[in-house]
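If you want the building blocks of each chain, they are given just below.
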Amino acid sequence: MLPLEGIRVVDLSRLAPGPFCSMLLSDFGADVILVEEPAHSGGRQVAPEDAAADQERAQRAAAYNFFGRNKRSVTINLKLEDGRRVFYDLVRTADVVLEGFRPGVVKRLGVDYETVRGINPRVVYCSLSGYGQDGPYAGLVGHDINYISVGGALGMIGWPGTPPAIPLNLIADFAGGGLYAAFAIMVALMARERTGRGQYVDMAMSDGVLSLLTLFAAQYERAGEVPRGGTHMLNGAAPFYNVYETKDGKWISVGSIEPYFWENLCRALGREDFIPHQHATGEKREEIFAAFREQFKTRTREEWFRILTETDVCAAPVYALDEALADPHNRHRGMVVEVEHPTLGKVRQVGVAPKLSETPGRVRRTAPVRGADTDAVLAELGYGPEQVSQLREAGAL
């Protein structure tokens, strides 16, 4: 049994944060139903060979759409009244509705929280947006880079005298957005167990980013020092918490914060004279940096990894993604799994991170092509084949 079996999530989201959120829920058994827009051909006559090629491309794209795994897909045109009626019937069976549009869009479509709550008072409705549903920035457009700017994270990443370093879209989209939204939804579902009522979740990615900076905000409030790129112990200012290039042009990371780890690092590098100077500043710190950089270039990354781990130093190779996917530890931990696809065979995917002893999550199926489950889901709602056909002819499906 999976822990979220019996929980139905109706997912209206499109961009990465929302699908990542619902992927986390689906990995643990939630029945996630993607509500997608019908694909229109625009009147173009599709030759049989073109249709076959389109289908093959769609199958391949779905197989490698990790966000869509374990989910089902229906196509509903929410701009039509007939389509909205189908959506409302679906909402009656839902525990969660997730949307990621700009504020105001779901209201215009007639699928907002107030409307949905009137149909199903027990529903947990989560709006995942960049800046939230209110406040001076609520109506602004944005992406991860903008949310980590307002949230304060981007200004901490990089090196003095250089532009901030852009850390992919990991912090706002996935951590401050999708992950926080999944957490908030589960909290709201737990509250429903006690109250019997659903509620509205307003999850802003910029809020999530600032929340992730709790430690550094506390340090600032206490000491009044603003962390900048490359000036904090944890973002590049210290020789004991840094990255170093090795003989083979690769990189290794060290994180010897505790004094005993620092001592082990100095001994492994043959520089016991640096042990009393872990928190040196100015010229002494630059001397340590220079010596470490020179020494690390005398061996390969893998040689240093072996030496440092054998001497109890916090160290790890800096991997490219292909190396991370091939790493024996990541594979042992089940973070690389193979899923059977009906036409492509085995497809490799990233595994499920939380390891539950009694009810572990798992990847059960690859993502569906758009609308693959429309007929089946509508049949569950009580629609007969003739009704489905009529709705499809009307453009509602």
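1. Quick word on the overall build of the protein chain
Now for step 1: A count of helices and strands for the protein chain gives 16 helices and 11 strands.
Now for step 2: Across its three principal axes, the protein chain shows a C-alpha extent of roughly 85 × 50 × 45 Å.
Now for step 3: Across the 397 residues that make up the protein chain, the buried fraction comes to 43%.
Now for step 4: Restricting the contact set of the protein chain to residue pairs at least 6 apart, pairs at least 24 apart contribute 68%.
Now for step 5: Element-wise, carbon and sulfur atoms account for 55% of the exposed surface of the protein chain, whose accessible area totals about 21000 Å².
Now for step 6: The protein chain carries 43 positive and 50 negative side-chain charges, and their two centres are separated by 1 Å.

2. Looking at the packing of aromatic side chains
Now for step 1: Here the structure, examined in full by the defined rule, presents 17 aromatic pairs.
Now for step 2: An angle of 35° between the planes, with centres 5.2 Å apart, marks the rings of Tyr113 and Tyr200 as tilted. Highlighted residues: Tyr113 in helix H5 (residues 113-119) and Tyr200 in strand E6 (residues 200-204), separated in sequence by 87 residues.
Now for step 3: Aromatic ring contacts, followed pair by pair, group Phe240, Tyr244, Trp262, Phe274, Phe292, Phe296 and Trp304 into a single cluster.
Now for step 4: Positioned above the aromatic ring of Trp304 is the side chain of Arg299, whose terminal nitrogen or guanidinium carbon lies 5.7 Å from the ring centre.

3. As for the pattern of salt bridges
Now for step 1: Considering all chains together, one arrives at 22 salt bridges under this definition.
Now for step 2: Here Arg192 makes a salt bridge to Asp95, at a shortest N to O gap of 2.8 Å. Here the residue Arg192 occupies a position in helix H7 (residues 170-195), and Asp95 occupies one in the loop between helix H3 (81-91) and strand E4 (96-99), the gap between them amounting to 97 residues.
Now for step 3: Accessibility expressed as a relative area gives 5% for Arg192, which makes it buried.
Now for step 4: Its relative accessible area of 12% is what places Asp95 among the buried residues.
Now for step 5: Between Arg267 and Glu263 there is a salt bridge whose closest N-O contact spans 3.8 Å. Of this pair, Arg267 and Glu263 are both found in helix H10 (residues 259-268), four residues apart, which corresponds to roughly one turn of the helix.
Now for step 6: Accessibility expressed as a relative area gives 44% for Arg267, which makes it partly exposed.

4. Quick look at a nonpolar patch on the surface
Now for step 1: Where nonpolar side chains cluster on the molecular surface, the patch consists of Tyr137, Leu140 and Val150 and spans about 280 Å² of accessible area.
Now for step 2: Looking at the element boundaries, Tyr137 is found in the loop between strand E5 (124-129) and helix H6 (144-150).

5. Quick look at the nonpolar core
Now for step 1: With 36 residues, the main nonpolar core has Val9, Leu25, Cys126, Ile185 and Val201 as its most contacted residues.
Now for step 2: Counting residues per element, the ones that place at least two in this core are helix H1 (17-27), strand E2 (31-36), E4, E5, H6, H7, E6 and helix H8 (205-212).
Now for step 3: No other element matches H7, which puts seven residues into this core.
Now for step 4: Setting aside residues no more than four positions away along its own chain, Val201 makes contact with Val124, Tyr125, Cys126, Ser127, Ala184 and Ala188.
Now for step 5: Of all hydrophobic cores here, the second largest spans 31 residues; its members include Ala94, Val377, Val388 and Leu391.

6. Points about the packing of H1 against H7
Now for step 1: Axis separation between H1 and H7 bottoms out at 8 Å; the angle between their running directions is 45°. Between H1 and H7, the crossing angle belongs to the class labelled oblique. Viewed along their axes, H1 and H7 form a crossing whose handedness is right-handed. On H7, the residues that touch Pro17, Phe20, Cys21, Leu24 and Leu25 of H1 are Asp173, Phe174, Gly178, Leu179, Ala181, Ala182, Ile185 and Met186.
Now for step 2: For the contact of H1 with H7, the residue count by class is 11 nonpolar, one polar and one charged.

7. Overview of the environment of Pro385
Now for step 1: Assignment of secondary structure puts Pro385 in helix H16 (residues 385-393).
Now for step 2: Take Pro385: its relative accessible area is 73%, and that puts it in the exposed class.
Now for step 3: Along the primary structure Pro385 and Asp375 are separated by 10 residues, whereas in three dimensions their C-alpha atoms are 7.9 Å apart.

8. Details of the sheet that holds E2
Now for step 1: With parallel pairing, the six strands of this open sheet are ordered in space as E3-E2-E1-E4-E5-E6. Edge strands, defined here as strands with exactly one partner in the open sheet, are strand E3 (72-75) and E6. On average, each strand axis in the sheet is inclined to that of its neighbour by 20°, with strand direction left out of account.
Now for step 2: Relative to E4, strand E1 (residues 8-11) runs parallel, the two sharing three bridges. Bridge pairing links Val10 to Val97 in E4.
Now for step 3: Along the sheet face, H1 touches E1, E2, E4 and E5 and points at about 165° away from the line of E1.
Now for step 4: Running over the sheet, H8 touches E5 and E6 and is turned about 70° from E6.

9. Looking at the sheet that holds strand E7 (residues 241-245)
Now for step 1: As summarised here, the arrangement of the three strands in space is E7-E8-E9, forming an open sheet in which the pairing is antiparallel. The outermost strands of the open sheet, each flanked by one partner alone, are E7 and strand E9 (315-317). For this sheet, the mean inter-axis angle between neighbouring strands, taken without regard to orientation, is 20°.
Now for step 2: Strands E7 and strand E8 (251-255) of the sheet are contacted by helix H11 (residues 282-296), whose axis makes an angle of about 45° with E7.

How each quantity is defined
- Residues numbered from 1 in each chain as written.
- Predicted model: local features only at pLDDT ≥ 70, side-chain atom pairs only at ≥ 80, totals over all residues.
- Heavy atoms only, no water.
- Helix = DSSP H or I, 4+ residues; strand = E, 2+ residues; numbered from the N terminus.
- Buried < 20%, exposed > 50% of the residue type's maximum accessible area, 1.4 Å probe, protein only.
- Contact = heavy atoms within 4.5 Å.
- Areas by Shrake-Rupley, 256 points an atom, 1.4 Å probe, with all protein chains shown as cover.
- Lys, Arg positive; Asp, Glu negative; His and termini not counted.
- Charge placed at Lys NZ, Arg CZ, Asp CG, Glu CD.
- Phe/Tyr/Trp six-rings, centres within 6.5 Å; stacked < 30°, edge-to-face > 60°.
- Lys NZ or Arg CZ within 6 Å of the ring centre and 35° of its normal.
- Salt bridge = Lys/Arg side-chain N within 4 Å of Asp/Glu carboxyl O.
- Patch = residues over 30% accessible without salt bridge, like charges linked within 9 Å, V, L, I, M, F, W, Y side chains within 5 Å.
- Core = buried A, V, L, I, M, F, W, Y, C linked by side-chain atoms within 4.5 Å.
- Axes fitted to C-alpha atoms, helices over the stretch in contact; angles between N-to-C directions.
- Parallel < 35°, antiparallel > 145°, perpendicular 65-115°, else oblique.
- Left-handed = near helix turned anticlockwise from the far one by under 90°.
- Nonpolar A, V, L, I, M, F, W, Y, C, P; charged D, E, K, R; others polar.
- Pairing = 2+ DSSP bridges.

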